[in-house]
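# Structure assessment
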Amino acid sequence: MTGQFLRILKRELNLAFRQGMDSMMVVMFFVIAVVLFPFGIGPEANILARIAPGVIWVAALLASMLSLERLFQLDYEDGSLELLTLQPFPLELTVLAKICAHWLTTGLPLIATAPLLAILMNMDMETLSILLISLLLGTPVLSLIGSIGAALVLGSRRGGVLISLLILPLYIPVLIFGAGAIEAVSGGFTAKSHLMILGGLLVAALPLCPWAGAAALRQAVET
Amino acid sequence: MTQFSGTELICYRGGRTVFRGLKFTVAPGAALVLVGPNGSGKSSLLRLMAGLLQPTSGTIAWGGEPISEEPELHNQRIQYVGHQTCIKPVLTVSENLGFWSGIHGGGTDLILEALEMFDIGHLIDVPGQFLSAGQKQRVNLARILASPTKLWLLDEPTTALDVSAISKLEQAIEQHRQNGNMVVLSTHSGLNLSNTITLNLGQYAVGWEEL
């Protein structure tokens, strides 16, 4: 079972590196979206530091959503998805491997870029560490929840827009507790409870989302 | 003797009943050829057999056990070739095949053998995007050779193939059957196979007036 999981993960990473600038674009979008705020609001350091957690988190949500459409779309178009559902192991495993690959190619680069943006937004070192921890717990949840949307929109035209409508409302809890953790620290409180809730979301999403995504994929190949 | 069979199958798709009361039996070493006019449900039946679709009513069974009870066990037995070739443009032929055969526990020697069988050994390091339609279909068929299973479900396998490739396919199917395995295929161009059973789906079609 682990062997099959790693085999699919390896294929997905291989495909991601060869066919695209996907993760590069996601990171660029993330950077540009955050950089727009100082231009729009003005370069006052206190205000930027005040809004930084929310801005970085919202930009991360949108950036991670950008690449979701392609999670299953290419496999759906070339027939690979049918074959993937016809393998001698649970489809949930395949979905989980694809989600892991999505996180490794989008979530992880976002986390790596976040310190740069934090400096740009005048965040201090203490809040930066909490930002990174909250992103580390939160971005996998984004990939997990997003996979359901990506599976549901297969076969529809304008899937990309539809995904945002389906998925963004579900991202709200992650946003609240992710940005909330940083707010708490800058307000002098502990972020422990926020981070624990984020961890709880991750633990709940880890089995539930692949299961729901696999169910949606079975629907998609039936048509 | 393990048989692959279906009884009293009804397939309802896209607002119409495609076929009704269909039954079939495939014994080890047998080949079932599905014929019938366009839209008579050949592809739907193959997808039912693969478990991609669920029948509206009726059961498909392997050795008496309905396949819907143990889908993963059924997946271990089948190789399905559909209308699409499942070839990733950015992966080479050997990477494309290696992934699928690896899942079924097939080795590199089987892949090489399968590629030789379809005369595409020289394409092994060519990325999928540079293959022609016929070459893609050859690779797709090599995929099922590279990971041996008991039942092949081939939906129009001769699409885009030239005469020599079709005769290679006939050879491959005969060899597969001699090892006691089964083949179900749909075709319009009449493959030259020995002792096939023909199932005409036209006779199970439901007239529009019966809806």
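As a reminder, the structure under discussion sits directly above these lines.
Parameters and conventions
- Every chain begins its residue count from 1, and numbering advances along the sequence as written.
- Chain A is the first chain written and ligand 1 is the first ligand written, with later ones labelled in order.
- Two thresholds apply to this predicted model, a pLDDT of at least 70 for residue-level local features and 80 or more for giving and counting side-chain atom pairs, whereas whole-chain, interface and lining totals are computed over all residues.
- Strands here are runs of E lasting at least two residues and helices are runs of H or I lasting at least four, both read from the DSSP assignment and numbered beginning at the N terminus.
- Just to be clear, the radius of gyration here is over C-alpha atoms, and the globule rule we use is 2.2 Å times residues to the power 0.38.
- Any residue surrounded by 20 or more other C-beta atoms within 10 Å of its C-beta is treated as buried, while 12 or fewer makes it exposed and the intermediate range makes it partly exposed; C-beta atoms here are placed from the backbone.
- Once C-beta atoms have been placed from the backbone, residue pairs whose C-beta atoms lie within 7 Å are recorded as contacts.
- Under this grouping Gly is polar, as are all residues other than the nonpolar Ala, Val, Leu, Ile, Met, Phe, Trp, Tyr, Cys and Pro and the charged Asp, Glu, Lys and Arg.
- What a helix should span is 1.5 Å times the count of its residues minus one.
- Every axis in this analysis is a line fitted to C-alpha atoms, fitted for helices over the stretch in contact. Angles between the N-to-C directions lie between 0 and 180 degrees.
- Under this scheme an angle from 65 to 115 degrees is roughly perpendicular, one under 35 degrees roughly parallel, and one over 145 degrees roughly antiparallel; angles in between are oblique.
- It is the rotation of the near helix from the far one that decides the hand of a crossing: anticlockwise by less than a right angle makes it left-handed, clockwise makes it right-handed.
- By this definition, two strands are paired if DSSP reports at least two bridges between them.

Across its full length, chain B carries six helices and nine strands. In terms of overall size, chain B behaves like a compact globule, its C-alpha atoms giving a radius of gyration of 17 Å where 211 residues would be expected to give roughly 17 Å. Structurally, chain B occupies a C-alpha span of about 55 × 35 × 35 Å along its principal axes. Scored against the burial criterion, the 211 residues of chain B give a buried share of 43%. Sequence-distant contacts in chain B: of pairs separated by 6 or more residues, those separated by 24 or more amount to 72%.

What follows deals with the overall build of chain A. Along its length, chain A carries nine helices and zero strands. Reading the helices (α) and strands (β) of chain A from amino to carboxyl end gives α-α-α-α-α-α-α-α-α. Against the 2.2 N^0.38 benchmark of 17 Å for 223 residues, chain A shows a C-alpha radius of gyration of 18 Å, consistent with a compact globule. For chain A, the C-alpha atoms occupy an extent of roughly 55 × 35 × 30 Å along the three principal directions. Looking at chain A as a whole, 45% of its 223 residues qualify as buried. Put simply, of all contacts in chain A between residues at least 6 apart along the chain, 82% involve residues at least 24 apart.

Let's shift gears to the interface of chain A and chain B. Contacts between chain A and chain B engage 19 residues on the former and 19 residues on the latter. Of all the secondary structure elements, the ones that give two or more residues to the side of chain A that touches chain B are helix 1 (2-18), helix 5 (80-85) and helix 9 (192-222) of chain A. Looking at the side of chain A that touches chain B element by element, the count peaks at five residues for helix 1 of chain A. For the side of chain A that touches chain B, the class distribution of residues is seven nonpolar, six polar and six charged.

A separate point is helix 6 (residues 91-120) of chain A. Taking 1.5 Å of rise per residue, 30 residues should cover 44 Å, and helix 6 of chain A covers 43 Å from first to last C-alpha, within 8% of that figure. At the exit of helix 6 of chain A stands Asn122(A), carrying a positive phi of roughly 65 degrees.

Glancing now at the packing of helix 1 of chain A against helix 6 of chain A. Residues and elements named next belong to chain A. Two elements in contact, helix 1 and helix 6, have axes whose closest approach is 9 Å; the angle formed by their N-to-C orientations is 40 degrees. Classified by the angle between their axes, helix 1 and helix 6 sit oblique to one another. In this structure, helix 1 crosses over helix 6, and the sense of that crossing is right-handed. From helix 1, Gln4, Phe5, Ile8, Leu9, Glu12, Leu13 and Ala16 reach across to helix 6, where they touch Leu93, Thr94, Ala97, Lys98, Cys100, Ala101, Leu104 and Thr105.

Sheet strands pair by backbone hydrogen bonding; their relative direction is either parallel or antiparallel. All names here are of chain B. The strand order 6-7-8-3-9 describes an open sheet built from five strands, whose pairing is parallel. Where the open sheet ends on each side, the last strands, each with one partner, are strand 6 (78-81) and strand 9 (196-200). Averaged over all pairs of adjacent strands, the angle between strand axes in this sheet comes to 15 degrees, irrespective of strand direction.

On to helix 3 (residues 93-103) of chain B. All names here are of chain B. Here helix 3 lies mainly inside the structure; eight of its 11 residues are buried. Taken together, the buried positions of helix 3 are Val93, Asn96, Leu97, Phe99, Trp100, Ser101, Gly102 and Ile103. Count one or two residues on from helix 3 and you reach Gly105, which has phi positive near 80 degrees.

Another point: the packing of helix 3 (residues 45-66) of chain A against helix 7 (residues 125-152) of chain A. Residue and element names in this part refer to chain A. One can describe the packing of helix 3 onto helix 7 by two numbers: an axis separation of 10 Å at closest approach and a directional angle of 30 degrees. If you check the angle between helix 3 and helix 7, you find them roughly parallel. Our pair here, helix 3 against helix 7, has a crossing hand that is right-handed. Across the interface between the two elements, Pro53, Ile56, Ala60, Leu61, Ser64 and Met65 from helix 3 touch Leu131, Leu135, Thr139, Leu142, Ser143 and Gly146 from helix 7. Of the residues in the contact of helix 3 with helix 7, the class split is eight nonpolar, four polar and no charged.

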